[in-house]
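Read off the chains here:
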Amino acid sequence: MTELNSLIRQRANIKSQVTRLKTFFEKIKSDNINDLIYNQLISRLNLVDPLIGEFNQLQDQIETLTLKDVAEDSDCQQKEQEILNKSELERGTFEDNFFSIISQVKSYISNYMVDNASQNSDHSINARIQCGAGRVKLPNINLPTFTGRYNEWRHFYDMFKGLIDSNSSLTNIQKFYY
């Protein structure tokens, strides 16, 4: 039973790490984001992102140990079903919370990157135009490369839309260039 308790404590630790990210994010999301907060969000996200795999592994071990204990009981089938239902609820609740906070943080980070890059791009273009040069040398904008992975499409699309498509200081020809 001590092994089971150890696994349950480890699972609780993972859940608390996700809760800490959620608490931090809820405190800062009403503030204006700056580079420090952006870097903290990236660091926290990198720390929490792999936890879904660890959680699932621990949950599998907990289920295995719990079902092994129940297999020796006479009302095995009913208790087994109750354990599986409880485990499914535990897993579903964690995944809902996990993916909700991860997607919110990633969206917030993407919006910051788009806003920041768009502002830098606008300042650079306006400065070149105001210098009086008849011919504008377009600045290099580091656009993300779309790898073809479905889960990266939204990030790529948001970056492109914010940097190029919605940039009113670029002409259609300049947009085509990018």
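Everything quoted here is computed from the prediction, not taken from an experiment.

### Section: the confidence of the model for the protein
Within the protein, residue pLDDT values average 78, and 79% of them lie at 70 or more. Within the protein, helix 6 (residues 172-177) has the poorest average pLDDT of any element, 73, and helix 1 (residues 2-28) the best, 91. The model gives residues 127-135 a pLDDT under 50, and that stretch makes five contacts with residues more than four places away or in other chains.

### Let's talk about the environment of Leu65
Relative to the assigned elements, Leu65 resides in helix 3 (residues 51-70). Taking relative accessible area as the criterion, Leu65 reaches 18% and is therefore assigned buried. Sequence-distant contacts of Leu65, that is, excluding residues within four places in its chain, are made with Glu3, Leu4 and Leu7.

### As for the packing of helix 1 against helix 3
Put simply, helix 1 and helix 3 touch, their axes get as near as 10 Å, and they point 155° apart. Taken together, helix 1 and helix 3 sit at an angle that is classed as roughly antiparallel. The element helix 1 and its partner helix 3 pack so that their crossing is left-handed. Contacts between helix 1 and helix 3 involve Glu3, Leu4, Leu7, Ile8, Gln10, Arg11, Ile14, Lys15, Gln17 and Val18 on the former and, on the latter, Leu51, Glu54, Phe55, Leu58, Gln59, Gln61, Ile62, Leu65 and Thr66. For the contact of helix 1 with helix 3, the residue count by class is ten nonpolar, five polar and four charged.

### Quick notes on the packing of aromatic side chains
Inspection of the entire model under this criterion finds four aromatic pairs. Considering the side-chain rings of Phe25 and Tyr108, the 5.3 Å spacing of their centres and the 90° angle between planes classify their relative orientation as edge-to-face. Of this pair, Phe25 sits in helix 1 while Tyr108 sits in helix 4 (residues 76-130), placing them 83 residues apart in sequence. Each member of the pair, Phe25 together with Tyr108, is buried. Ring centres 3.9 Å apart and planes at 15° place the aromatic pair Phe55 and Phe94 in the stacked group.

### A word on the nonpolar core
As a rule of thumb, nonpolar side chains are buried together in soluble globular proteins. Grouped together as the largest cluster of nonpolar side chains are 27 residues, with contacts concentrated most on Leu41, Phe98 and Val105. Secondary-structure elements contributing two or more residues to this core are helix 1, helix 2 (35-48), helix 3 and helix 4. Once residues lying within four places of it in the same chain are set aside, the contact partners of Phe98 are Val18, Val48, Asp49, Leu51 and Ile52. In this structure, Val114, Met159, Leu163 and Ile164 belong to the second largest nonpolar core, which totals five residues.

### Points about the pattern of salt bridges
Throughout the structure, instances matching the rule amount to five salt bridges. Of the charged contacts in the structure, one is a salt bridge between Glu90 and Lys15, with a shortest N-O distance of 2.5 Å. Of the two residues, Glu90 is situated in helix 4 and Lys15 in helix 1; the sequence distance between them amounts to 75 residues. Classification of Lys15 as partly exposed rests on a relative accessible area of 31%. Taken together, the shared-partner salt bridges connect Arg11, Lys15 and Glu90 into one network.

About the cut-offs
Residues numbered from 1 in each chain as written. Predicted model: local features only at pLDDT ≥ 70, side-chain atom pairs only at ≥ 80, totals over all residues. Heavy atoms only, no water. pLDDT = per-residue confidence, 0-100. Helix = DSSP H or I, 4+ residues; strand = E, 2+ residues; numbered from the N terminus. Contact = heavy atoms within 4.5 Å. Buried < 20%, exposed > 50% of the residue type's maximum accessible area, 1.4 Å probe, protein only. Axes fitted to C-alpha atoms, helices over the stretch in contact; angles between N-to-C directions. Parallel < 35°, antiparallel > 145°, perpendicular 65-115°, else oblique. Left-handed = near helix turned anticlockwise from the far one by under 90°. Nonpolar A, V, L, I, M, F, W, Y, C, P; charged D, E, K, R; others polar. Phe/Tyr/Trp six-rings, centres within 6.5 Å; stacked < 30°, edge-to-face > 60°. Core = buried A, V, L, I, M, F, W, Y, C linked by side-chain atoms within 4.5 Å. Salt bridge = Lys/Arg side-chain N within 4 Å of Asp/Glu carboxyl O.

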